[in-house]
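Spelled out from the first residue to the last, the chains are:
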Amino acid sequence: MSSRRRRRPLLIALTAALLAIAPAQALQIEEASIADIQAAYRAGSLSTRQVVEMYLARIAAYDQQGPYLNAIINLNPKALEEADRIDAAFKASGKLKGPLHGIPVLVKDVIDADDMPNTSGFQGWKHWMPKRDATLVAKIKEAGGIILGKASTSEFTNGGGDNINSVLPGFARNPYNTAFATGGSSGGTGASIAANFATVGIGTDTGGSVRMPAAHNALAGLRPTVGLVSRDGIQPNNSIRDTAGPMARTVTDLALLLDAIVGIDPADAAAGPVATDPDTIKGLEIEAAYRVAFTRAMDSGRIDAVIFPTWAQLPVVNGDRNTQLMTDEANPKGGVTGLGSSLTFVGSTLQWPALSVPSGYLGPGLPVGLQILGRAWDDAKIIGYAYAYEQATRYRRPAKD
C-alpha cells in the first residue's frame, strides 16, 4: 500500500476531529428562516439573546437612520429579558419550548401586546396601554415566540397604497426602493420583514392590508378565512371582514406562524350577531351574492383556486396621492366600490382565504405579487399551491441594505 493511501484514513480522522471542536459557523441573520435559527439553537452555536440583539441592531441601523425605513412604532422593552428566560429554560431542559422557540415576531400596531402601547397609528393613543395580550399574541408566546415590537400602520388602518400615520413623521418606506410606498395598512410589518428586522410578522387585512404590502415587499402574506385566527385584542376596522394574517419571507415560515396562531376563540365575535345599520346590511347582501356566484362558477369549472395579480400597478411614489385611488379598505361598511388598483377586494368580499406570493420585479426593481384565492377553510390548500409556486420560481431576493 502506498504512503498516500495509508495517510488518507488518518487525514479523514483528523479533519473530523477538527470539525468537531471548531466553533459552528455564525448564522447570518439576514434572510434566516425559523428552521435556520432553531438549528443553530440546537447546535449550541447561537442563543435567543444573540438573535434578538442582531435584529435590534438592524432596526437601530436602518429604521430611523440610514435608509430611514420608518417601519417601527415601538420596541418591546422586555425583549432581551424574555430571550434570557427562553435561553435558561432551554439550557435546563434541552428542549425547544414550541414551534416558535426563540423566534422574534413583529406585530402590526393595532394588536394588543402587554408592555407596549397600542396606538393604531394615532398620536392620541401613544400612551394607551392594553391590559392584556391579544389572543394571537398569547399564542405566539405560548409557542416560544418573542414579540419584538409593534410595526407601523396606516392610521386606524385606513390606507392600502401607502403607510402613514400621526405617530411617526412621514411614510413607511419600501426597502427595495425607499422613494416608493410599502403598501398598507400593514406596511410597517411588510417593510420590517423584508428588511430583516424580525423573522416573521403579523398584519391585519380588511380589504387587502396583508396582501398589498406582501406584494410590494416580496413576501408571502395570507388573509386567512375569517374566524380561523382570533380577532380578540385587535383594534377593528370592519368587524365582519377583519382578520389577522401571517407575513414571512418564505411560505414555510408563513405556515409555521399560522399554525401557531389558529384556533377557535370564544372571545372572538366572528360567528356572533352583526348590528349599528342599512349600509352594513346591504354590504352583507352583496357579499353573500358574491359567495354564491363564485361557488357556482368554481363548482361548474371544478376549480379549487383562482390565480390573479395582487395589485394592478407598481407601488406608488410616497406622497403621490394623484395615482392612489380609494381602495375597498377605506369602505368599512362593505360593498364593492372604489376598487383602485388593488385586486384584493375579491377575497375580502368573499371572506375566503387569499395569499400573495412573490412573482417577480418590475420597473426600478420593485416587487410584485401573485394572488391565490381559495374557498372558505381551504387555507392549507392554497398554502400548498403557493409553496409549489415559490419553489418552482424562487423569485424572492433580499432587499439591499
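For the structure itself, consult the block above.
Here the residue numbers are simple positions, counted from 1 along each chain's written sequence. Since the coordinates come from a predicted model, pLDDT governs what is reported: local features require at least 70, and pairs of side-chain atoms require 80 or more to be given and counted, while whole-chain, interface and lining totals use all residues. Side-chain metrics rest on all non-hydrogen atoms present in the structure, leaving aside hydrogens and water.

**Student:** Is there a simple way to explain the overall build of the protein in this structure?
**Tutor:** For the protein, the count of helices and strands is 11 helices and 9 strands. Considering the protein as a whole, with its 401 residues, one finds that 53% of them fall into the buried category. Labels follow the DSSP assignment, with helices taken as runs of H or I lasting at least four residues and strands as runs of E lasting at least two, numbered in each case from the N terminus. Think of it in three bands: with a 1.4 Å probe and only protein chains considered, a residue is buried below 20% of the maximum accessible area for its type, exposed above 50%, and partly exposed in between.

**Student:** Sorry, what's going on with helix H5 (residues 135-142) here?
**Tutor:** Working note: α-helix, 3.6 residues per turn, so residues spaced by three or four point in the same direction. Among the residues of H5, Thr 135, Leu 136, Val 137, Ile 140 and Lys 141 are the ones counted as buried. Of the residues flanking the end of H5, it is Gly 144, one or two places downstream, whose phi is positive at about 100°.

**Student:** Got a minute to help me understand the sheet that holds strand E8 (residues 354-362) in this structure?
**Tutor:** As a general point, the strands of a sheet are linked pairwise by backbone hydrogen bonds and lie either parallel or antiparallel. Only strands that DSSP links by at least two bridges are regarded as paired with each other. Across the sheet, which stays open at both edges, the 9 strands sit in the order E1-E3-E2-E4-E6-E5-E8-E9-E7 with mixed pairing between neighbours. Two strands lie at the open edges of the sheet, namely strand E1 (72-75) and strand E7 (305-309), each paired on one side alone. Strand-to-strand, the axes of this sheet are offset by a mean angle of 25°, without reference to chain direction. Two elements, strand E2 (residues 104-108) and strand E4 (residues 200-205), share 3 bridges in a ladder whose sense is parallel. Looking at the pairing, Leu 106 lines up with Gly 201 of E4. To define axes, lines are fitted to C-alpha atoms, for helices over the stretch in contact only, and angles between the resulting N-to-C directions are given on a 0 to 180 degree scale.

**Student:** Help me understand the pattern of salt bridges, please; the structure alone is not making it clear to me.
**Tutor:** Note that side chains of opposite charge can pair when their charged atoms are close. Any Lys or Arg side-chain nitrogen located within 4 Å of an Asp or Glu carboxyl oxygen qualifies as a salt bridge. As enumerated under the stated definition, the model contains 18 salt bridges in all. One network of salt bridges, in which partners are shared, links Glu 31, Arg 249 and Arg 396.

**Student:** What exactly am I supposed to notice about the side chain of Asn 163 here?
**Tutor:** Among the structural elements, Asn 163 can be located in the loop between strand E3 (146-151) and helix H6 (187-194). A polar atom in the side chain of Asn 163 sits 2.9 Å from the side chain of Ser 152. Polar contact is defined as a pair of N or O atoms within 3.5 Å, subject to the rule that within protein one atom must be able to donate a hydrogen and the other to accept it, and that residues adjacent in sequence are counted only when both atoms are side-chain atoms. A polar contact of 3.0 Å, which involves the side chain of Asn 163, links it to the backbone nitrogen of Gly 187. Any two residues whose heavy atoms approach within 4.5 Å at even a single point are treated as in contact. Among residues more than four places away in sequence, those in contact with Asn 163 are Ser 152, Thr 153, Ser 154, Gly 170, Phe 171, Ala 172, Thr 182, Gly 183, Ser 185, Ser 186, Gly 187 and Gly 188.

**Student:** I tried to follow the packing of aromatic side chains on my own but got confused; where do I start?
**Tutor:** Pairs of aromatic rings are described using the distance from one ring centre to the other and the angle between the two planes. Centres within 6.5 Å make a pair out of two Phe, Tyr or Trp rings, where for Trp the six-membered ring is used; the pair is then stacked when the planes are under 30 degrees apart, edge-to-face when over 60, and tilted otherwise. Evaluated as defined, the whole model comprises 7 aromatic pairs. Measuring from centroid to centroid gives 6.3 Å for Tyr 389 and Tyr 395, while their planes differ by 40°, and the two rings are tilted. Three or more aromatic residues joined by ring pairs form one cluster here, namely Phe 122, Trp 125 and Phe 156. Sitting above the plane of the Tyr 361 ring, Arg 397 keeps its charged end 3.7 Å from the centroid. Definition used: whenever NZ (Lys) or CZ (Arg) falls within 6 Å of the ring centre and also within 35 degrees of the ring normal, the charge is taken to sit over that ring.

**Student:** Please clarify how the packing of helix H3 (residues 48-62) against helix H4 (residues 79-93) should be interpreted in this entry.
**Tutor:** Any two packed helices are characterised by the angle at which their axes cross and by the distance between the axes. Their axes nearest at 8 Å, the elements H3 and H4 cross at an angle of 155°. Accordingly, the angle class assigned to the pair H3 and H4 is roughly antiparallel. Of the residues in H4, those in contact with Thr 48, Arg 49, Val 52, Glu 53 and Leu 56 of H3 are Ala 79, Leu 80, Ala 83, Asp 84, Ile 86 and Asp 87. Among the residues making up the contact of H3 with H4, the classes are represented as 6 nonpolar, 1 polar and 4 charged. For this classification, under 35 degrees means roughly parallel, over 145 means roughly antiparallel, 65 to 115 means roughly perpendicular, and everything else is oblique. In this classification, the charged set is Asp, Glu, Lys and Arg, the nonpolar set is Ala, Val, Leu, Ile, Met, Phe, Trp, Tyr, Cys and Pro, and all remaining amino acids, among them Gly, are polar.

**Student:** Help me understand the nonpolar core in this model?
**Tutor:** One recurring pattern in soluble globular proteins: nonpolar side chains tend to sit buried together. By nonpolar core we mean a set of buried residues, namely Ala, Val, Leu, Ile, Met, Phe, Trp, Tyr and Cys, connected to one another through side-chain atoms within 4.5 Å. Ile 111, Leu 136, Ile 140 and Ile 202 are the most contacted members of the largest nonpolar core, which totals 69 residues. With 6 residues, the top contributor of residues to this core is helix H8 (residues 251-261). Counting 8 residues, the second-largest nonpolar core is a separate cluster that includes Phe 308, Phe 345, Trp 352 and Leu 373.

**Student:** In this structure, what is going on with H4? I would like to understand it.
**Tutor:** Under the 1.5 Å per step criterion, the end-to-end length of H4 is 21 Å for 15 residues, consistent within 8% with the ideal 21 Å. Buried within H4 we find Ala 79, Glu 82, Ala 83, Ile 86, Asp 87 and Phe 90. Taken end-on, H4 shows its buried residues confined to a sector of 140°, consistent with a single buried face. Summarising the geometry of H4, the exposed residues directed more than 90 degrees from the buried face are Lys 91 and Ala 92. Residues of H4 that are buried make contact with helix H2 (34-43), H3 and E3. Here the expected span of a helix is defined as 1.5 Å times the quantity of residues minus one. The directions considered for the arc run from the helix axis to the C-beta atoms.

**Student:** Would you explain the pairing of E4 in this entry?
**Tutor:** With 6 of its 6 residues buried, E4 lies for the most part within the structure. Residues Val 200, Ile 202 and Thr 204 of E4 are buried on one face, and the alternating residues Gly 201, Gly 203 and Asp 205, pointing to the opposite face, are buried as well. Relative to strand E6 (residues 243-248), E4 is paired through 6 bridges, and the arrangement is antiparallel. Each bridged residue has a counterpart across the sheet, and for Gly 203 the counterpart in E6 is Gly 245.

**Student:** What is the right way to look at the packing of H5 against H8 in this model?
**Tutor:** Interaxial distance between H5 and H8 falls to 8 Å at its minimum, and their mutual angle equals 110°. The orientation of H5 relative to H8 falls into the category roughly perpendicular. Considering the relative orientation of H5 and H8, their crossing is right-handed. Along the contact surface, H5 presents Leu 136, Lys 139 and Ile 140, while H8 presents Leu 257, Ala 260 and Ile 261. By residue class, the composition of the contact of H5 with H8 is 5 nonpolar, no polar and 1 charged. Handedness of each helix crossing follows the sense of rotation of the near helix against the far helix: counterclockwise by less than a right angle gives left-handed, clockwise gives right-handed.

**Student:** Would you explain the environment of Gln 38 in this entry?
**Tutor:** Position of Gln 38 among the secondary structure elements: in helix H2. Classification of Gln 38 as buried rests on a relative accessible area of 8%. For Gln 38 and Thr 48, which are 10 residues apart along the polypeptide, the C-alpha to C-alpha distance reads 9.3 Å. Ignoring any residue separated from it by four or fewer positions in sequence, one finds Gln 38 in contact with Leu 96, Gly 98, Pro 99, Leu 100, His 101 and Ile 103.

**Student:** What is the right way to look at the environment of Ala 191 in this model?
**Tutor:** Examined against the element boundaries, Ala 191 turns out to sit in helix H6. We classify Ala 191 as buried; its relative accessible area is 0%. Taking the C-alpha atoms as reference points, Ala 191 and Asp 63, separated by 128 residues in sequence, lie 9.8 Å from one another. Setting aside its immediate chain neighbours within four residues, Ala 191 contacts Ala 71, Arg 173, Pro 175, Thr 182 and Asn 217.

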